[in-house]
Amino acid sequence: MSILLPLQVVNGRLLQAKEDKMAIDAFLELLLTTACGSCVCDPQFGFIFNNLRFEIFNEKEGVIYNSKVTKDNLNLYDKKVSGTSKSINTFAIELKKAIERYEKRIFNVAVTMAYVKSEKRIHINIEGTIVETKEAYRYTSSLNIWN
């Protein structure tokens, strides 16, 4: 059994998930909604896309404009919002790398991100295999666009 995140204490004990999928889902939601640099003990934890919420999103080209050029973020603004983790020039590959680094309960991770202009939302699909049971794993979520 896996401990649920965020941590919950019930009757003096940490609450555990009834199934691995539930715990993995909760952890992926935490990873998706955390901006990199906001966790003091591990500044790399999170999804880099959340660090760009104050930037300008170009809906036609599917990219984020860089309002302040520094040598650290030049490659970040070349990435497409929509795409799969099979392409190296997308935010999906960044999310896949974060999942592979922090969520060891799944493997063979594949990520798809699709921007839906009419909803102003990015739909995220994560697929993989649960290590312990070898069952197929699927997680879907969405992020609202800030424009």
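Shown above is the structure to which this text applies.
Student: Residue-level account of the packing of aromatic side chains, with values.
Tutor: According to the stated counting rule, one finds 2 aromatic pairs in the structure shown. Judged by centre distance (5.9 Å) and plane angle (65°), the rings of F27 and F45 are edge-to-face. You can see F27 sitting in helix α1 (residues 20-33) and its partner F45 sitting in the loop between α1 and β3 (56-58), a full 18 residues away along the chain. Just as F27 is buried, F45 falls in that class too. Through a chain of ring-to-ring contacts, the aromatic side chains of F27, F45 and Y102 assemble into a single cluster.

Student: Residues and numbers for helix α2 (residues 91-102), please.
Tutor: With 12 residues, α2 extends 17 Å from end C-alpha to end C-alpha; this agrees with the ideal 16 Å at 1.5 Å per step. Listed in full, the buried residues belonging to α2 are F91, A92, I93, L95, K96, A98, I99 and Y102.

Student: Explain α1 residue by residue, including any values.
Tutor: Taking 1.5 Å of rise per residue, the 14 residues of α1 would be expected to cover 20 Å, and the 20 Å separating its terminal C-alpha atoms lies within 8% of that figure. Packing partners of the buried residues in α1 comprise α2, β6 (106-116), β7 (121-130) and β8 (136-144).

Scoring rules and cut-offs
Along each chain, numbering runs from 1 in the same order as the chain's sequence is written. Restriction of local features to residues with pLDDT of at least 70 applies here, the model being predicted, together with a cutoff of 80 or more for giving and counting side-chain atom pairs; totals for whole chains, interfaces and linings are based on all residues. Each side-chain value is derived from all of the structure's non-hydrogen atoms; neither hydrogens nor water enter the calculation. What counts as a ring pair is set by centres within 6.5 Å for rings of Phe, Tyr and Trp (its six-membered ring), and what kind of pair is set by the plane angle: stacked under 30 degrees, edge-to-face over 60, tilted for all other angles. Under the scheme used here, helices are H or I runs from DSSP no shorter than 4 residues and strands are E runs no shorter than 2 residues, and both carry numbers assigned from the N terminus. Exposed residues in this analysis have more than 50% of their type's maximum accessible area, buried residues have under 20%, and partly exposed residues fall in between, with area computed by a 1.4 Å probe over protein chains only. Between the first and last residue of a helix there are one fewer steps than residues, each counted as 1.5 Å, and that sum is the expected span. Two residues qualify as a contact provided that any one of their heavy atoms is within 4.5 Å of a heavy atom in the partner residue.

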